[in-house]
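Secondary and tertiary structure notes
Chain by chain, the residues:
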Amino acid sequence: MEVEKPGSKGQAWFCTTGLPSDIVIEVEDMTFHLHKFPLMSKSRKLHQLITEQETDPTTSTTQREDEEERDEIEEIICQISLLDFPGGSESFEMAAKFCYGVRVDLNSSIIAPLRCAGEFLDMTEEYSEDNLISKTERFFSQSVLKSLKESIKALKSCERVMPLAESLGITERCIDSIASRASSVDPALFGWPVSEAANENNFRARSNQALWKEIESTARRKGSGAKSNSADSWFEDLTLLSLQLFKRLILAMKMGDLNPEIVESCLMNYAKKHIPGLSRSNRKPSSSSSSSSAASEGEQREVLETIVSNLPLQKSSRSSTTTRFLFGLLRTANILNAAEECRSTLEKKIGLQLEQATLDDLLIPSYSYLNETLYDVDCLERILGHFLDGLEEERNGGEIEAGGDGGGGNVRPPTLMVVGKLIDGYLAEIGSDANLKSDRFYNLAISLPEQARLFDDGLYRAVDVYLKSHPWTSEAEREKICGIMDCQKLTIEACTHAAQNERLPLRAVVQVLFFEQIQLRHAITGTLVAAGADSARPSLLRRRAEEEEEEEEEEIEAEEGATQECDSNAWRGAARENQVLRLDMDSMRTRVHQLERECSNMKKVIEKIDKECPRQNNGGWRGSLTRRFGCKFKTQVCDSHEQTVVNARKGRQPHHLHQQ
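Structure report, in brief. (Residues numbered from 1 in each chain as written. Predicted model: local features only at pLDDT ≥ 70, side-chain atom pairs only at ≥ 80, totals over all residues. Heavy atoms only, no water.)

1. Focus: the overall build of the chain
Within the chain, the regular secondary structure consists of 30 helices and 5 strands. Per-residue burial over the chain gives 40% buried out of 660 residues. Considering only contacts within the chain whose residues lie at least 6 apart along the sequence, 71% involve residues at least 24 apart. (Helix = DSSP H or I, 4+ residues; strand = E, 2+ residues; numbered from the N terminus. Buried < 20%, exposed > 50% of the residue type's maximum accessible area, 1.4 Å probe, protein only. Contact = heavy atoms within 4.5 Å.)

Here it is as structure tokens:
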């Protein structure tokens, strides 16, 4: 149908119908050599332009000067230049083919430019039956708007013809279609089961959950299931939109009744596409995102602020992936020097789900020249403050729902303890920073409530790391830093290590030794009580058995002699056992009194050394303790939050630690 060949200003398009062309139309850098009749039969605008040129008096004068060559001149005299044609030369080529009756395969990628081309050329149904505008409108309504993916492609194509597409309502209809259909394909996007009725019993819910888990595992084994591909391509198509169109689409999604997690997933995918370096594990941009890697710093900042401003305020119920993504946004916001409101929003949202973070997430580098520390401690303090504020709000809300009983002293202890372990690890990590001031370390350590730590072993480890990395710390500052620990919440292993730790001040070591002796006394007392209860229980059972046997003896006189002899032997045996147990208990009580006296003597000696002999070297008074009492310790510290330590601790001290 057409032949293209190089021209002086670009390319030329010829219609190979066998007839010479009688009109030349220029669109951008393409020259179209066409015929008047098919164009004028479909386009009112081209009909008007051609008619105006034919009736031009300048043209008529030229034709009279050479009447013999008038027919040849008419073939090239009609030249039209279409400036700002919607969609450029490609759209005009398809419109020209339509005028010649050539079949044009419509699809979602060309429907918007072709519809705008029909509007520009005024190819209406009133001018010609079954014209371009009616055909494109029919396909757009019946095919494009009924599919989520096709609507996204059509919306993307609107960028080329934005002013006209906006006035024709094509952009708005595409956005409405995407927003409405995104909610209807929610299970297909994420592989989540559709929620059952609210009054369904727990057994039915567990059965459905197990069924969906089996279905999801089967889909993962298949690898390239239809739903997974649909979800991936759906998000991938969204990332191709311009920022302006994407903002309008997200706004429409938020105004509609759409799951906030779908909106959050759309924002995450768009940010990963257009902001390089969000993930620490993959700093190199992929080949598919080469355009985004070339974006300027201002464009990246605009994308980031748009993403953050549209993030749902609700706490995400998904895995730690979302939290890791938020930390990546926060690091990038610091690098790009984003607006303060943007960073504050990120810090607040991270604080609402801080328990899902990891230690690596918390290690946010300090990008300010005014901050001498390696990591941004101030940022973490603000995040932790948002977390504690959220817990306080939840506790107050729970008390109101419970009728104001005020019995919720420990608000979500599992979550609080997870964050406590996280902060202890963070303190141990930043404690090695030589530029970290003792006040900042102290303030961060005491910012958590007492319920956040079951044991203080993790906190002791952080204190030990800090004192080791800051040997120039004064004695007063050492005592202040060690004051954040509760020596009564240290395990036996931590106490053993602290008792011979040369970096701890004397007061802290004395407290550790004192509470260690108290713990030992409680442990021995508990063992004695348990042993006494166990020994008294069989004796009582024997007495009851004896009484029952005596009653039976009255009823059965024939066996009285043999039964009395047997009972007498059993009674004498029980009496001997009780006597042995009493002697053992007396011996244990004596040993406990001896330990108490030794502890008292130890305290007096330490106080005397503290008063009379000022500490001149680090090991003098500890050496005297070792020689005087023969103390030998193993150096071993355990994480207070590990389950094994908790279980071991419960086995040694049954109840006294939980009275804190």
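Moving on from the coordinates now.
2. Quick look at the packing of aromatic side chains
One pass over the full model with this rule turns up 5 aromatic pairs. Where phenylalanine 85 meets phenylalanine 92, the ring centres are 5.4 Å apart and the plane angle is 85 degrees; that geometry is what we call edge-to-face. For the pair shown, phenylalanine 85 and phenylalanine 92 are each scored as buried. On the numbers, 4.7 Å between centres and 25 degrees between planes, the contact of phenylalanine 441 with tyrosine 466 is stacked. Placement of phenylalanine 441 in helix α23 (residues 438–446) and of tyrosine 466 in helix α24 (residues 457–469) is noted, with a sequence separation of 25 residues between them. Across the pair, exposure class does not vary: phenylalanine 441 and tyrosine 466 are buried alike. The structure contains a cluster of three or more aromatic residues connected by ring pairs, namely Phe32, Phe85, Phe92 and Phe120. A cation sits over an aromatic face here: lysine 45 above phenylalanine 120, 5.1 Å from the ring centre. Directly above the ring of tyrosine 442 sits lysine 480, whose terminal nitrogen or CZ lies 4.8 Å from the centroid. (Phe/Tyr/Trp six-rings, centres within 6.5 Å; stacked < 30°, edge-to-face > 60°. Lys NZ or Arg CZ within 6 Å of the ring centre and 35° of its normal.)

3. Notes on the pattern of salt bridges
Tallied over the entire structure, the rule returns 24 salt bridges. Across the salt bridge formed by arginine 248 and glutamate 166, the nearest N and O atoms sit 2.8 Å from each other. Placement of the pair is arginine 248 in helix α14 (residues 243–255) and glutamate 166 in helix α9 (residues 162–167), with a sequence separation of 82 residues. Its relative accessible area of 29% is what places arginine 248 among the partly exposed residues. Using a relative accessible area of 32% as the deciding quantity, one classes glutamate 166 as partly exposed. Taken together, the shared-partner salt bridges in this structure form one network comprising Arg115, Glu119, Glu137 and Arg173. (Salt bridge = Lys/Arg side-chain N within 4 Å of Asp/Glu carboxyl O.)

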